[in-house]
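# Reading the structure
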Amino acid sequence: MKKLLPASLVLAVLLSGCAGRGSDKQAEDLGENTIRPLELTEDEEALLDLIGGSGTEYSVYQLTAGETITGGQIEVLSWENGSWRVTGGGTAAISGPSDQLRLGIVLGAEDIRINWQDGSSQFSVTTSLGEIDRSTGNGSGRTWLEEAQALTPGERTPLYLEVYQKDGEDGLSLFAPPDGFFDPEYLNSLDRAYAVTITLEE
């Protein structure tokens, strides 16, 4: 009997095999603690589409960490009453070589799944966002961190932002991370907002 594998599991497997294909020079210029998007090969993308469906939305990142970094918090956040509230996520131990740190984010129908691997350990965790509808796209928007970014220990770095405008309002504005995530006036103008962040720990 053939086993049906969810897209999130396939992405977790791909995390261990995909190599960095971004700009190493750009990441080096940002310091020893960085994160940058990874691009899957055509074969890797085809495998993910085959198992998880062509509509699966995801992003994969590679991290580098200095010797003083011992771990990190990967958080799924919800904007509520003027501030970000933690609704899910997990703690990532950093015990392997820095060139083996991988982070995958997969969007489900009503959830966000985090996949983490550091070469010697890995974990996956899913956070439900409740009654949301990503299928229509009306009055909503999603955006990802698309460039290499320096990571400052103890500070949140946003990787993903998902927003929903209030009923009856037109012209939804969408800002790629980190813009928008740190703007309370913008966030308060929305009906709902969700984010995924990483915070390095020393």
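Everything in this summary refers to the structure shown in the same document. For clarity, every value in this text was computed on a predicted model and none was experimentally measured. (Residues numbered from 1 in each chain as written. Predicted model: local features only at pLDDT ≥ 70, side-chain atom pairs only at ≥ 80, totals over all residues. Heavy atoms only, no water.)

## Side note on the pairing of strand 5 (residues 101-107)
Among the seven residues that make up strand 5, seven are buried, leaving the element largely enclosed by the rest of the structure. Where burial is concerned, the two faces of strand 5 agree: the one with Leu-101, Leu-103, Ile-105 and Leu-107 and the one with Arg-102, Gly-104 and Val-106 are both buried. Relative to strand 5, strand 2 (residues 57-64) is paired through seven bridges, and the arrangement is antiparallel. In the strand pairing of strand 5, Glu-57 is matched with Leu-107. Across six bridges, strand 5 lies against strand 6 (residues 111-117) in antiparallel orientation. Bridge pairing in strand 6 links Val-106 to Arg-113. Joining the antiparallel neighbours strand 5 and strand 6 is a turn of three residues. (Buried < 20%, exposed > 50% of the residue type's maximum accessible area, 1.4 Å probe, protein only. Helix = DSSP H or I, 4+ residues; strand = E, 2+ residues; numbered from the N terminus. Pairing = 2+ DSSP bridges.)

## Remarks on the sheet that holds strand 5
Across the sheet, six strands lie side by side as 7-6-5-2-1-9; this open sheet has antiparallel pairing. Taken across any chain shown, the strands that pair with only one partner, and hence form the sheet edges, are strand 7 (122-128) and strand 9 (149-150).

## Some points on the sheet that holds strand 10 (residues 157-165)
The five strands are arranged 4-3-11-10-8 in an open sheet whose pairing can be described as antiparallel. Among the strands making up the open sheet, the edge pair consists of strand 4 (83-93) and strand 8 (140-144). On average, adjacent strands in this sheet sit at an angle of 15 degrees to one another, irrespective of strand direction. Alignment of strand 3 (residues 71-80) against strand 4, held across 10 bridges, turns out to be antiparallel. Across the sheet, residue Val-76 finds its bridge partner in strand 4, namely Gly-88. (Axes fitted to C-alpha atoms, helices over the stretch in contact; angles between N-to-C directions.)

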